[in-house]
Amino acid sequence: MWIRHCDQMNIEDKLYQLRPMNCPYHILVYKRKLHSYREFPIRVAELGTIYRYELSGTLHGLFRVRGFTQDDAHIFCLEDQIKGEIRGVLDLTEEILLQFGFNKYEVSLSTRPEKFVGTDDIWEKATIALREALEDEGWDYQIDEGGGAFYGPKIDLKIEDALGRKWQCSTVQVDFNLPQRFDISYVDSNSERRQPIMIHRAILGSLERFFGVLIEHYAGDFPLWISPIQARVLPVTDTEVKYCKEVVLKLKSKGIRAELCQGIA
Ligand SMILES: [Zn+2]
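This text gives an overview of the structure that appears in the document. Think of each chain on its own: its residues are numbered from 1, step by step along the sequence as written. Given that the model is predicted, a residue must reach a pLDDT of at least 70 before its local features are reported, and side-chain atom pairs must reach 80 or more before they are shown or counted; all residues, however, enter totals for whole chains, interfaces and linings. Calculated side-chain values reflect all of the structure's heavy atoms, with hydrogen atoms and water omitted.

What follows is about the coordination of the zinc ion. Note that water is not among the atoms used; donors are N, O and S atoms within 2.8 Å of the metal (3.2 Å for Na, K and Ca), so sites may look incomplete. Each protein donor to the zinc ion is listed here as Cys23 (SG), His74 (NE2) and His200 (ND1); together their distances run 2.0 to 2.3 Å. Between consecutive donors of the zinc ion, the numbers of intervening residues give the motif C-x50-H-x125-H. With Cys23 in helix α1 (residues 23–30) and His74 in strand β5 (residues 67–77), this residue pair connects regions lying 51 residues apart in the sequence. Note on accessibility: Cys23 and His74 belong to one class, buried. Helix and strand definitions follow DSSP, with helices as H or I runs of at least four residues and strands as E runs of at least two, each counted in order from the N terminus. For every residue, the accessible area (1.4 Å probe, protein chains only) is compared with the maximum for its type, and the residue is labelled buried under 20%, exposed over 50%, or partly exposed between those bounds.

Moving on: the sheet that holds strand β9 (residues 166–175). Paired strands are those between which DSSP finds at least two bridges. Taken together, the 7 strands give an open sheet; going across it, the order is β4-β5-β12-β9-β8-β6-β7, and neighbouring strands pair in mixed fashion. Sheet topology places β4 (42–51) and β7 (142–144) at the edges, where each strand pairs with a single neighbour. Going from strand to strand, the sheet's axes swing by 25° on average, the running direction of each strand aside. Two strands pair when backbone bridges link them, and strand β6 (residues 105–110) and strand β8 (residues 154–160) are joined in this way by 6 bridges, in the antiparallel orientation. In the sheet register, Tyr105 faces β8, and the bridge partner there is Ile159. Interaxial angle, 0 to 180 degrees, is taken between N-to-C directions of lines fitted to C-alpha atoms, where a helix line uses only the stretch in contact.

Those residues of α1 not exposed but buried are Cys23, Pro24, His26, Ile27 and Tyr30. Seen end-on, α1 carries its buried residues on one side only, within an arc spanning 155°. Contact criterion: two residues are considered in contact whenever any of their non-hydrogen atoms come within 4.5 Å of each other. The secondary structure elements touched by the buried residues of α1 are β3 (35–36), β4, β5, α4 (178–181), β10 (186–187) and β12 (197–206). The directions from the helix axis to the C-beta atoms are what the arc is built from.

Moving on: the packing of aromatic side chains. Ring geometry is summarised as follows: Phe, Tyr and Trp rings, the Trp one being its six-membered ring, pair when their centres sit within 6.5 Å, and such pairs are stacked at plane angles under 30 degrees, edge-to-face over 60 and tilted between the two. If you walk through the whole model with that rule in mind, you get 13 aromatic pairs. Judged by centre distance (6.3 Å) and plane angle (85°), the ring pair of Phe210 and Phe211 falls under edge-to-face. Looking at Phe210, the relative accessible area reads 2%, which means it is buried. A relative accessible area of 36% places Phe211 in the partly exposed class. Each residue in the set Phe100, Phe102, Phe210, Phe211 and Trp225 is aromatic and connected to the rest through ring pairs, giving one cluster. The rule is short: NZ of Lys or CZ of Arg within 6 Å of the ring centre and within 35 degrees of the ring normal puts a charge over the ring. Against the face of Phe116 rests Arg112, its NZ or CZ located 4.4 Å from the ring centre.

Here the focus is the pattern of salt bridges. Salt bridges, as used here, are contacts in which a Lys or Arg side-chain nitrogen is within 4 Å of a carboxyl oxygen on Asp or Glu. All told, the structure shown has 17 salt bridges when counted by the stated rule. Linking Lys125 and Glu79 is a salt bridge whose minimum nitrogen-to-oxygen distance equals 2.9 Å. Here Lys125 is found in helix α3 (residues 120–137), whereas its partner Glu79 is found in the loop between β5 and α2 (82–99), with 46 residues between them in sequence. What makes Lys125 partly exposed here is its relative accessible area of 42%.

The criterion for a disulfide is a pair of cysteine sulfur atoms lying within 2.5 Å. The full count for this structure, using the stated rule, is 0 disulfides. Cys169 takes part in no disulfide bond, and the closest cysteine sulfur to it belongs to Cys23, at a distance of 18 Å. Taking relative accessible area as the criterion, Cys169 reaches 6% and is therefore assigned buried.

A separate point is the side chain of Asp71. Topologically, Asp71 is positioned in strand β5. As a buried residue without a salt bridge, Asp71 has its nearest oppositely charged side chain in Arg201, at a separation of 4.4 Å. Within polar-contact distance, the side chain of Asp71 engages the backbone nitrogen of Gly205 at 3.0 Å. In contact with Asp71, not counting residues within four places along its chain, are Glu46, Leu47, Arg201, Ala202, Ile203, Leu204, Gly205 and Leu207. As used throughout, the charge tally considers Lys and Arg to be positive and Asp and Glu to be negative, leaving His and the chain termini uncounted. Under the rule applied, a polar contact is a pair of N or O atoms within 3.5 Å (in protein, one hydrogen donor and one hydrogen acceptor; residues adjacent in sequence only if both atoms are side-chain atoms).

Turning next to the nonpolar core. The set of buried Ala, Val, Leu, Ile, Met, Phe, Trp, Tyr and Cys residues whose side-chain atoms join them within 4.5 Å is what this entry labels a nonpolar core. In this structure, Ile82, Ile86, Ile159, Ile199 and Phe210 are the most contacted members of the largest nonpolar core, which totals 39 residues. For this core, the secondary-structure elements that each account for two or more residues are β5, α2, β6, α3, β8, β9, β12 and α5 (207–218). Among the elements that take part in this core, α3 stands out by supplying 7 residues, more than any other. Beyond its immediate sequence surroundings of up to four residues, Ile159 is in contact with Leu97, Phe102, Lys104, Tyr105, Arg165, Lys166, Trp167, Cys169, Phe210 and Val213.

Okay, structure coming up:
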């Protein structure tokens, strides 16, 4: 819908087309109908793909790729729902990261930069909501004064791997800009049109990058549940091959990712 002919680019003899991030598409989902204040919060999520033209020399394993998948979601809510929604995102983040074995985080709250959109009042309210959400959760955090995006304050989270290295992972950002630019609204209790708050959030961030971090964290020795191969059956001599195949089939039938180690016997 926003794509115009001039957004095409010729790179390495191939024609590419610029496309927006996932956010505007979620706004289109929101705009399909008129919303009442009673419907909030409205949450839209997808595993959305993002592409960047990274120079070939800067590509690096799973950490820096040209196409990646983000666990992207947008929450449309009322001003007084910001804190509750942020707490929900922080809870979900903790739950998911703990499942993957990450229990050390570095959390920062970034506040209003010099250039910004939105009123002082809304910045103040949103920043207090983010701060209270972190405090209610009992999370330690640092304040990055003036480090917010021009469109709103945010919370960023870095995870620490087994070697103590830190990786940027989850982000939750309040946005006062896109609701205004895309002119989205809802009908409040006085039947008046008002603008909702938009929150962008990603928990794992880039899935490719997250799996890169996981491989580093576990040095390839994954916990059983995420191991690509969960069981290997090794015949000691050729005579057991037939039986081992049966064992592999039995394991597979129970949903276990198993394989026969051939060439060892
Ligand atoms: Zn977004």
